[in-house]
Each structure stands twice: as structure tokens, then as C-alpha cells.
Amino acid sequence: MQDEKNISEIKIDDQKIIENKELNIWEALIPVFALITMLAYNVFVYGDDALSGSNQFILLLGGAVAAIVGFKNKVSYERMMEEVAENIKSTAGAILILLMVGSLAGTWLISGIIPSMIYYGLQILNPTIFLAACLIICAIISIATGSSWTTSATVGIALIGIGEALGISLGMTAGAVLSGAYFGDKMSPMSDTTNLAPAMAGTDLFTHIRYMTYTTIPTFAVTMLFFIILGFSQTTTGEANTQSILIDIDKAFNITPWLFLVPALVIVLIIKKTPPLIALLGGTLLAGVFALIFQPNVVAQIAGVKVLDFNSAYKGVMQAITVETSVPTDNEVLKDLFTAGGMKKMLGTVWLILLAMVFGGIMDAIGALARISSFMLSLFDSIFGLFASTVVTCIGLNFTASDQYLAIVIPGKMYAKAYKDKNLAPENLSRTLEDSGTVTSVLIPWNTCGAYHSGVLGVPVIDYAFYAMFNWLSPFMTLLFAAFRFKIREISKK
């Protein structure tokens, strides 16, 4: 057995930060530089197809580089595998939710729920107000549910469809959806990250939420202005074209407001704090029943029969749940909208998450995450430097650990004493953790959040990253407040 006497574990609830005194900062950064270099070359070669499998393998190679560094510093293979297993275990719920979202999208298509949302949405929304409306709708839903993931999986999918029918870029729509979803995720008292950040920093939930409003509301206002201006720059698809789409949707499906009972039920269940997996499963099964009631002809087409019986009904619904399903249409605009991938569509995202957790687990096991955080902590000698170090560490951990929770937990624990030593109230730290750790996770393709939202919305991260203005502007806003010492609360002035 190799000597591991210089390796210690700091337990934080169920999270562990592993320190390795023998590892220096340059060794800790070797896997990071290697990963970034390999990913950059891979994207150069494959372009948009990089997420089809090659990026996943690059993450595995990055983990192999980290393992070599670990072996050199007396970290056993068994320890690395233990951390990888813990990381993968922590994503089990996310993976199951992803698969359930795939099945939900399938049954929401064949039942007519998504087509109905598009049908009514096209009559209410137009390109000028659409992006701003996406932002507001998703912010409200996310505050109510406390979950950006649920927001994407429900109204997000429908808004993507409406935006595509209106001729608006998928990247723009996804950016508006995610900006609103993460505003709500940050500010909702039901959000897990909103509870985790103050727990790590040492303040209470509602002090944390009130203090976040100073940076979050201006960021949201700038984002709203951005999407309003962007909306005025959009060229309308034309009344005739929209009317044609409405007619073709009506031809393919029985459109009725009764179908909205299913998404309404899912949202109510989540607001009532029903576990998301159960709520999504309920939404999937109920949508399957509604498909048989309201869209028997669609189910029959999918099953390849003219008249439905019990077996063909089962086959049609099950196919929508598990594999790619298409509802025939002659309208080119609607062909993509009338296609859902089922659980099968999510397997690539699951693959990405699993291998991201391999890389993050090995980086944690060899002590690299702790070493990088400690190095960043040693760089500052001013209050602004402390805030900047926290921001860079959170974003860096979203890149290297591939998980937003670790991007909150590790800096939260390691910087808490430094903020106290500078006479800064703990809510300064908790706010910075959210402004930089929570929201930037969705901007990184191999992070669990980036992989999830990209998979659910069907839009590559690189396409929506610029338009997710709320997410990338938040760290700059918190640094701006720190630079001017505006709303930076001191302990003695609480």
C-alpha cells in the first residue's frame, strides 16, 4: 500500500475536500492545462460535433493525466476510484432526471401538449417581445419551483419550439430561458444552491437572499434591456407564414386547452416540494394517457397501425418515451418541432456527465482542487483581491470539478476565515459564491449543468453562451461592487 500520510480529508456535510501536501500548484494545474489544450484542439477538428463523443473521451484522457500526477505524488488508484465513485453517485439523481426529461418530451409531443403551447404561444407572442417574455416567464417559474432544471424541462422546451417557429435563433431563445431560470434559481428560498451558499459562508438564508438583490437585480435589469433591444432587431416571419404554421399544427393535432392540465400538475407538484423525479414521472405517465384520449390518430401513426388496440397503444406511447419519435408533417418549419428523442436522446449527455465526474473525482482525489483553491487564496492582499480570488476559484472549479455544488462548497469553506479576517460579513462570501459559482456552471459544456441544459433544450452551449447574459454578467457585477466598495457589508456595521 502506498504512503498517503500527507493526504487528509475535510468533511463538509456529504462533500469532501482532499488535501495533498506533496502536490505543488504547477502539478495541480498540469491536468487543467492538458484538458483545455486537448478540448480546444478537439473542438477545432470536430466543431459542433465535438459533443457527439470525442469531448467525452477527452475528459477521460484529462482524468488519465490527473491520475499520472497523482501516482507521482503517492495517491493510490483505489483512492482515485473511490472519489470517482462518490462523484458519479452524486449525479445519480441528475442522470435519472435527464432520462425522465427525455421521456417527458416524447409524451408531451404525442399528446399535443408541446404543439398546443406552440399554437397558443404563436398567437400571443411575437418576435419583438418574445425574448423578454421568455426571460420573465422563466424567472417566475424558477422562483416558484426553485429549480432552473425544472424550468428548462417544462416551459423551456415549449419556448424553444415557439422561438423556432417565429424564426428566432435557438441560441437567443436558450439564452433568455437560462437567464430567467438562473435568476429564479438564485433568488428562490426553495433552491438548493440558495440554501447551500449561506450554509458554507456562515450566514442565514434570508439575509443571503436580501443581500443578493444588490447585485442580482441590476444584472437582471441589464439582461432585460439587452433582450428588449435584441427583440426589436428581429425580423418577423410574416403573418402568412405564422398562419400557415398554425393551420398545419391544427391539422396534425387536436389542439385544446385541456392539455395544459399536465404541465400545470407538474409545476404544482414541484411547488409542493414533490421530488422532481416523481413529478416528471407523473407528468410523463399522465401525458401518455392524454395522448390516448386526445391524439389517438397520432399514437396509431407512431405504432404503425390504422386502428388502436391495447398492444399498439402501449407500443406507440412506449416508443415516444424511449426512442426518437416523429409526427408526420409537410411543413418544413415544424419537422424539427414535431420530433422528440425520448430517453435515447439523453444518453449522450449522460455519457458526458459520467466522464466529467471521472475527471473531477480524480482531480479531487489527488488534492488538485484543494491546491488550486489554496493558491488562489494566497494571491490577494486587498479586499478586491479577495473577491476576485473567490470569483476565479468558483469559475475554475466549475471548469475542473464539473459540478456547481463543489464550486460553492470548496471556496465557501476555504475563504470563510479570510473574509472574517478582513472584517467582512459572511453574506459577502455567500453572495459571491452564487454570483460566480451557481450561474456560470451552465456556460461550461462538460459541467453537469451545461450538459443538462444543452441536452434538454437541444442547443449547444457554444450557441447560447453569449446570449445567457445574466449568467456571465453576474461575476462582473459582483466584482464591480467590490471594486467600488459599494454594498460591501462589514461585520462591525451589520
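Here the structure is a predicted model, which means the values were calculated and not measured.

Cut-offs and rules
- Residues numbered from 1 in each chain as written.
- Predicted model: local features only at pLDDT ≥ 70, side-chain atom pairs only at ≥ 80, totals over all residues.
- Heavy atoms only, no water.
- Helix = DSSP H or I, 4+ residues; strand = E, 2+ residues; numbered from the N terminus.
- Rg over C-alpha atoms; globule rule 2.2 N^0.38 Å.
- Buried < 20%, exposed > 50% of the residue type's maximum accessible area, 1.4 Å probe, protein only.
- Contact = heavy atoms within 4.5 Å.
- Areas by Shrake-Rupley, 256 points an atom, 1.4 Å probe, with all protein chains shown as cover.
- Lys, Arg positive; Asp, Glu negative; His and termini not counted.
- Charge placed at Lys NZ, Arg CZ, Asp CG, Glu CD.
- Patch = residues over 30% accessible without salt bridge, like charges linked within 9 Å, V, L, I, M, F, W, Y side chains within 5 Å.
- Salt bridge = Lys/Arg side-chain N within 4 Å of Asp/Glu carboxyl O.
- Expected span 1.5 Å × (residues − 1).
- Core = buried A, V, L, I, M, F, W, Y, C linked by side-chain atoms within 4.5 Å.
- Disulfide = S-S within 2.5 Å.
- Polar contact = N/O pair within 3.5 Å; in protein donor to acceptor, adjacent residues only side chain to side chain.
- pLDDT = per-residue confidence, 0-100.
- Phe/Tyr/Trp six-rings, centres within 6.5 Å; stacked < 30°, edge-to-face > 60°.
- Axes fitted to C-alpha atoms, helices over the stretch in contact; angles between N-to-C directions.
- Left-handed = near helix turned anticlockwise from the far one by under 90°.
- Nonpolar A, V, L, I, M, F, W, Y, C, P; charged D, E, K, R; others polar.

## Concerning the overall build of the protein
Here is step 1: Each helix and strand in the protein was counted, giving 25 helices and 4 strands.
Here is step 2: At 24 Å, the protein has a C-alpha radius of gyration in line with the 23 Å of a compact globule built from 494 residues.
Here is step 3: Reported as C-alpha extents along the three principal axes, the dimensions of the protein are approximately 70 × 55 × 45 Å.
Here is step 4: Among the 494 residues that make up the protein, the fraction classed as buried is 60%.
Here is step 5: Looking at the protein alone, contacts between residues at least 24 apart form 78% of all its contacts between residues at least 6 apart.
Here is step 6: If you sum the accessible surface of the protein, you get close to 20,100 Å²; carbon and sulfur atoms cover 65% of it.
Here is step 7: Distance between charge centres in the protein, computed from 29 positive and 35 negative side chains, equals 8 Å.

## Description of a nonpolar patch on the surface
Here is step 1: Judged by side-chain polarity, Tyr 41, Phe 44, Val 45 and Tyr 46 come together as a nonpolar surface patch covering roughly 520 Å² of accessible area.
Here is step 2: Turning to its location among the elements, Val 45 is positioned in helix 1 (residues 25-46).
Here is step 3: Assessed through its relative accessible area of 48%, Val 45 is described here as partly exposed.

## Some remarks on helix 19 (residues 368-379)
Here is step 1: Given a rise of 1.5 Å per residue, 12 residues ought to cover 16 Å, and the 17 Å separating the end C-alpha atoms of helix 19 matches this to within 8%.
Here is step 2: For helix 19, the set of buried residues is Ala 368, Leu 369, Ala 370, Ile 372, Ser 373 and Met 376.

## Re the nonpolar core
Here is step 1: By size, the foremost hydrophobic cluster in this structure holds 138 residues, and its most contacted members are Val 101, Trp 108 and Phe 130.
Here is step 2: Of the residues forming this core, the biggest block, 12 residues, is contributed by helix 4 (residues 92-110).
Here is step 3: In this view, Trp 108 contacts Ile 113, Ile 114, Pro 115, Met 117, Thr 154, Val 262, Pro 263, Val 266, Gly 283 and Ala 287; residues no more than four positions away in its chain are not counted.
Here is step 4: Core analysis: the next-biggest nonpolar cluster, separate from the first, contains 23 residues, Leu 386, Val 409, Leu 433 and Ala 482 among them.

## A look at the state of the cysteines
Here is step 1: A full pass over the atoms with the stated rule returns 0 disulfides.
Here is step 2: The thiol of Cys 138 is not disulfide-bonded; the next cysteine sulfur, from Cys 134, is found 6.1 Å away.
Here is step 3: Its relative accessible area of 0% is what places Cys 138 among the buried residues.

## Concerning unusual backbone geometry
Most peptide bonds take the trans form, and the phi angle of most residues other than glycine is negative.
Here is step 1: Phi angles above zero are rare outside glycine, and Lys 74 is one such case at about 65 degrees.
Here is step 2: Here Lys 74 shows up in the loop between helix 2 (54-72) and helix 3 (77-90).
Here is step 3: Positive phi is not limited to glycine here, since Lys 487 has a value of about 55 degrees.
Here is step 4: Relative to the elements of secondary structure, Lys 487 occurs in the segment after helix 25 (469-483).

## Some words on helix 8 (residues 170-187)
Here is step 1: Along its 18 residues, helix 8 runs 26 Å from first to last C-alpha, staying within 8% of the 26 Å computed at 1.5 Å per residue.
Here is step 2: Here helix 8 lies mainly inside the structure; 17 of its 18 residues are buried.
Here is step 3: Between a side-chain oxygen at the N-terminus of helix 8 and the backbone nitrogen of Gly 171 the separation is 3.1 Å; the capping residue is Ser 169.

## Here we look at the confidence of the model for the protein
Here is step 1: Summing up the model confidence of the protein, the mean pLDDT is 85 and the portion of residues at 70 or higher is 93%.
Here is step 2: The least confident element of the protein is strand 1 (residues 7-12), whose mean pLDDT is 44; the most confident is helix 25, at 95.
Here is step 3: Here residues 1-13 is a poorly scored stretch, pLDDT under 50, and it has 36 contacts once near neighbours within four places are set aside; other chains count.

## Section: the packing of aromatic side chains
Here is step 1: Counted by the stated rule, this structure contains 16 aromatic pairs.
Here is step 2: Relative to Phe 220, the ring of Phe 183 lies with its centre 4.3 Å away and its plane at 35 degrees, an arrangement referred to as tilted. Of this pair, Phe 183 sits in helix 8 while Phe 220 is found in helix 10 (residues 205-232), placing the two residues 37 residues apart along the sequence.
Here is step 3: On the basis of relative accessible area, Phe 220 is assigned to the buried category, the value being 16%.
Here is step 4: An angle of 85 degrees between the planes, with centres 6.0 Å apart, marks the rings of Phe 226 and Phe 466 as edge-to-face. You can see Phe 226 sitting in helix 10 and its partner Phe 466 sitting in the loop between helix 24 (461-464) and helix 25, a full 240 residues away along the chain.
Here is step 5: Through a chain of ring-to-ring contacts, the aromatic side chains of Phe 226, Phe 227, Phe 466, Tyr 467 and Trp 472 assemble into a single cluster.

## Observations regarding the pattern of salt bridges
Here is step 1: Inspection of every chain in the model, using the stated rule, returns 4 salt bridges.
Here is step 2: For the salt bridge of Lys 72 with Glu 27, the shortest nitrogen-to-oxygen distance reads 2.9 Å. A residue pair is termed long-range when its members are at least 10 positions apart, and Lys 72 in helix 2 and Glu 27 in helix 1 qualify at 45 residues.
Here is step 3: Residue Lys 72 is classed as exposed on the basis of its relative accessible area, which comes to 61%.
Here is step 4: A salt bridge links Glu 427 to Arg 489; the nearest nitrogen and oxygen atoms lie 2.9 Å apart. Of the two residues, Glu 427 is situated in helix 22 (residues 426-438) and Arg 489 in the segment after helix 25; the sequence distance between them amounts to 62 residues.
Here is step 5: Judged by its relative accessible area of 0%, Glu 427 falls in the buried class.

## Here's the deal with the environment of Trp 26
Here is step 1: One can find Trp 26 in helix 1.
Here is step 2: Trp 26 sits in the exposed class, given a relative accessible area of 62%.
Here is step 3: Along the chain, Trp 26 and Thr 274 lie 248 residues apart, while their C-alpha atoms are 46 Å from each other.

## Brief notes about the packing of helix 22 against helix 25
Here is step 1: Following both chains from N to C, one finds helix 22 and helix 25 inclined at 145 degrees, their axes separated by 7 Å at the closest point. By crossing handedness, the relation of helix 22 to helix 25 is classed as left-handed. Here helix 22 contributes Arg 431, Thr 432, Asp 435 and Ser 436 to the contact with helix 25, which in turn contributes Ser 474, Pro 475, Thr 478 and Phe 481.
Here is step 2: Class assignment of the residues belonging to the contact of helix 22 with helix 25 gives a composition of 2 nonpolar, 4 polar and 2 charged.

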